Amino acid sequence: MKFFTAPLSLLTLLAPLLVSNIGAGAVPAPALASTDANLPADILNLLNIGLVSQINVFISEDSFVTNIVTANFTVHNPLPVEITLDSVSAAAGIDGSVFSTFATSFKKFFVPPFSSKNSGLIQNVVLTQGIDAALGIVPLGVLDIIDGNVTIRGATIFGFGGIKVPLIGLVQKNISTSYEFVLS
Ligand SMILES: *[C@@H]1O[C@H](CO)[C@@H](O)[C@H](O)[C@H]1NC(C)=O
Ligand SMILES: *[C@@H]1O[C@H](CO)[C@@H](O)[C@H](O)[C@H]1NC(C)=O
Ligand SMILES: *[C@@H]1O[C@H](CO)[C@@H](O)[C@H](O)[C@H]1NC(C)=O
């Protein structure tokens, strides 16, 4: 039964959101009847619940040689319970075109109910199309998460315990993004 535990539990966590969104007519009810193996991420995608509210990208002089930047991002927790992010692997870009990828794990990144928290600095964000192409999307000031795999635990207490929920294939469009040039 272990297989079903996490998704059903996440459904319980998401229940208030599901009710409010269905009430607002935003979500087709059949979503709940989905037999997709990846129910949690699908539900988040369907509900258009953006976990990420802001991305900040730092471009250094080295970036022009290495095609690597650093970044931090703010996670918004829309749930009435604390969530803890254990790891994130994501591809971000614009209009379906990936410009950057990163994978990282966190020691203790918990976000209290209805709150926001910053990830801290993420190293090794790879500019997959190179820095010149990446500079081209800087003026847009937004990024889409084109593919995101996030392992979260729901209903944690100060980052401890909770229910492990792997989210595979998260997408989120139009995330406000700032770029800073960091000169040494
Ligand atoms: C997310 O996981 C899927 C399935 O394992 C994999 O195909 C995909 O490449 C992963 N995406 C990222 C951005 O890591
Ligand atoms: C994330 O980046 C923003 C923008 O530069 C900065 O104000 C903030 O202090 C950073 N947060 C952390 C935790 O590094
Ligand atoms: C994208 O986000 C920006 C602000 O970050 C907003 O001005 C714009 O209307 C949004 N576009 C869409 C299509 O949601």
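Residues numbered from 1 in each chain as written. Chains lettered and ligands numbered in written order. Predicted model: local features only at pLDDT ≥ 70, side-chain atom pairs only at ≥ 80, totals over all residues. Heavy atoms only, no water.

Caption draft 1: Structural context of the site of ligand 2. Neighbouring residues of ligand 2: Asn56, Phe58, Asn72, Asn118, Gly120 and Glu180. At 2.4 Å from an oxygen atom of ligand 2 is found a side-chain nitrogen or oxygen belonging to asparagine 72. Here an oxygen atom of ligand 2 sits 2.6 Å away from a polar atom, N or O, in the side chain of glutamate 180. When ligand 2 sits alone it has 360 Å² of accessible area, and the protein chains cover 46% of it. Class assignment for the residues of the shell around ligand 2 results in 1 nonpolar, 4 polar and 1 charged. (Near = heavy atom within 4 Å. Polar contact = N/O pair within 3.5 Å; in protein donor to acceptor, adjacent residues only side chain to side chain. Areas by Shrake-Rupley, 256 points an atom, 1.4 Å probe, with all protein chains shown as cover. Nonpolar A, V, L, I, M, F, W, Y, C, P; charged D, E, K, R; others polar.)

Caption draft 2: Inspection of the site of ligand 3 at higher detail. Every residue close to ligand 3 is listed here: Val142, Asn174 and Ser176. For ligand 3, whose unbound accessible area comes to 370 Å², protein coverage reaches 24%.

Caption draft 3: Up close: the pairing of strand E4 (residues 97-111). With 11 bridges connecting them, strand E3 (residues 83-94) and E4 associate as antiparallel partners. Residue pairing in the sheet places glycine 93 in a bridge with valine 98 of E4. The pairing of E4 with strand E6 (residues 122-127) spans 2 bridges and is classified as antiparallel. Paired with serine 100 across the two strands is leucine 127, which belongs to E6. (Pairing = 2+ DSSP bridges. Helix = DSSP H or I, 4+ residues; strand = E, 2+ residues; numbered from the N terminus.)

Caption draft 4: Summary view of the environment of aspartate 147. Take aspartate 147: it is sitting in strand E7 (residues 142-154). Expressed as a C-alpha distance, the spacing of aspartate 147 and isoleucine 168, which sit 21 residues apart in the sequence, is 8.1 Å. Setting aside its immediate chain neighbours within four residues, aspartate 147 contacts Ser89, Ala90, Ala91, Gly169 and Leu170. (Contact = heavy atoms within 4.5 Å.)

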